[in-house]
Every structure is written in structure tokens, then in C-alpha cells.
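Chain residues, written in single-letter form:
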Amino acid sequence: QLQLVDSGGGLVQPGGSLRLSCAVSGFDLNVYGIGWFRQAPGKEREGVSCFGGRGGGTIYADSVKGRFTISKDTAQATVYLQMNDLKPEDTAIYYCASLDPLYGKCDQWREYDYWGRGTQVTVSS
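Since we're looking at a predicted model, the values are computed, not measured.

Conventions we followed
- Residues numbered from 1 in each chain as written.
- Predicted model: local features only at pLDDT ≥ 70, side-chain atom pairs only at ≥ 80, totals over all residues.
- Heavy atoms only, no water.
- Pairing = 2+ DSSP bridges.
- Helix = DSSP H or I, 4+ residues; strand = E, 2+ residues; numbered from the N terminus.
- Axes fitted to C-alpha atoms, helices over the stretch in contact; angles between N-to-C directions.
- Core = buried A, V, L, I, M, F, W, Y, C linked by side-chain atoms within 4.5 Å.
- Buried < 20%, exposed > 50% of the residue type's maximum accessible area, 1.4 Å probe, protein only.
- Contact = heavy atoms within 4.5 Å.

Undergrad: I tried to follow the sheet that holds strand 1 (residues 3–7) on my own but got confused; where do I start?
TA: Within a sheet, adjacent strands bond to each other through the backbone by hydrogen bonds, running parallel or antiparallel. Here four strands make up an open sheet; going across it, the order is 1-3-8-7 and the pairing antiparallel. Either end of the sheet is taken by a strand with one partner, and the two such strands are strand 1 and strand 7 (68–73). Mean inter-strand twist for the sheet, computed between neighbouring axes without regard to direction, equals 15°. Pairing geometry for strand 7 and strand 8 (residues 78–83), over six bridges, is antiparallel. Looking across to strand 8, one finds that isoleucine 70 is bridged to leucine 81.

Structure representation (C-alpha cells):
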């Protein structure tokens, strides 16, 4: 059974930093892709960042380029999203999700299948 548990959200001031974690089980991070999504109230779900399966490249939404970094620790079966220089518009519930290795580029956002429960990130002074 594929499972993902995301965590690490909280309340931070504008300009602050936060690192989200996604602990996975039931699949191999060397094979499957992983994406981070966010959803703010009244808005559609947005793909934030991802890496493709089987050595696929990383992709970042324009709104977070230069501020967010996706990484993984395969030995610990954990994916991270380091978020720096946070802005109020980053406020949302953040989710990690898995992508079947059938898909090469990881920005095929509609194809993600297993999801974490979500973790709240609030950026406010």
C-alpha cells in the first residue's frame, strides 16, 4: 500500500523559512516521482514543485522559483520542500503526492494518485 505522510507546516512571518517533510512507504523514491501541491481557500489546487521518477528532472512553479527547493533522502524514504523568503501569498495547505513512473516529466499534475493528508502553512506578520 502506497502511503505518504506530510508534515512541517506552521505559522511564520514574511521572509521566514520552513521545511516540509513527506515520509513515504510502499514505493521506491528511486522509481516514483513526487510532487508538492498547495491549495488556498477559494483557489484551485496548484502544483508547486516536483521531481520525476527514474532520475527525472525537477520542476518549479514560476511563483516559487529561487525560493523553494525540493529534495529527497532515499535512505530515509523522505522528500522535503525547503521554503525560503516566504510571502503571504504562499499561505495554503500543502500536500505531497506520488506519480507513477510511467510518466516522465513530473508537471503532469492531474496524474498524481496517492496523497498525504496536507499540512497548513500560514505566512503572516
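Structure's up, so let's keep going.
Undergrad: Explain the nonpolar core here, please?
TA: Side chains that are nonpolar tend, in soluble globular proteins, to be buried together. The biggest cluster of nonpolar side chains holds 28 residues, and the ones touching the most others in it are Trp36, Leu81, Met83 and Tyr94. Breaking this core down by element, the ones donating at least two residues are strand 3 (18–25), strand 4 (33–39), strand 5 (46–51), strand 7, strand 8, strand 9 (92–99) and strand 10 (119–123). In terms of residue count, the dominant contributor to this core is strand 3 (four residues). By size, the runner-up hydrophobic cluster in this structure holds six residues, among which are Phe37, Ala97, Leu99 and Tyr112.

Undergrad: Explain the sheet that holds strand 2 (residues 11–12) here, please?
TA: Within the open sheet, the six strands sit side by side as 2-10-9-4-5-6. Their pairing is mixed. Two strands in the sheet have a free side with no partner beyond their single neighbour: strand 2 and strand 6 (58–60).

Undergrad: Just to check I follow, could you spell out the side chain of threonine 119 for this structure?
TA: Note on placement: threonine 119 falls in strand 10. Excluding residues within four positions of it along the chain, threonine 119 makes contact with Asp6, Ser7, Gly8, Gly9, Leu20, Ala92, Ile93 and Tyr94.

Undergrad: I'm lost on the pairing of strand 4 in this one. Help?
TA: Residues in a regular strand point their side chains to alternate faces of the sheet. Counting buried positions along strand 4 gives six out of seven residues, so the element sits mostly inside the fold. Bridging between strand 4 and strand 9 involves seven bridges; their strand directions are antiparallel. Residue pairing across strands places arginine 38 opposite tyrosine 94, the latter belonging to strand 9. As defined by bridge partners, strand 4 adjoins strand 5 across five bridges and the pair is classed as antiparallel. Of the residues in strand 5, the one forming a bridge with isoleucine 34 is phenylalanine 51.

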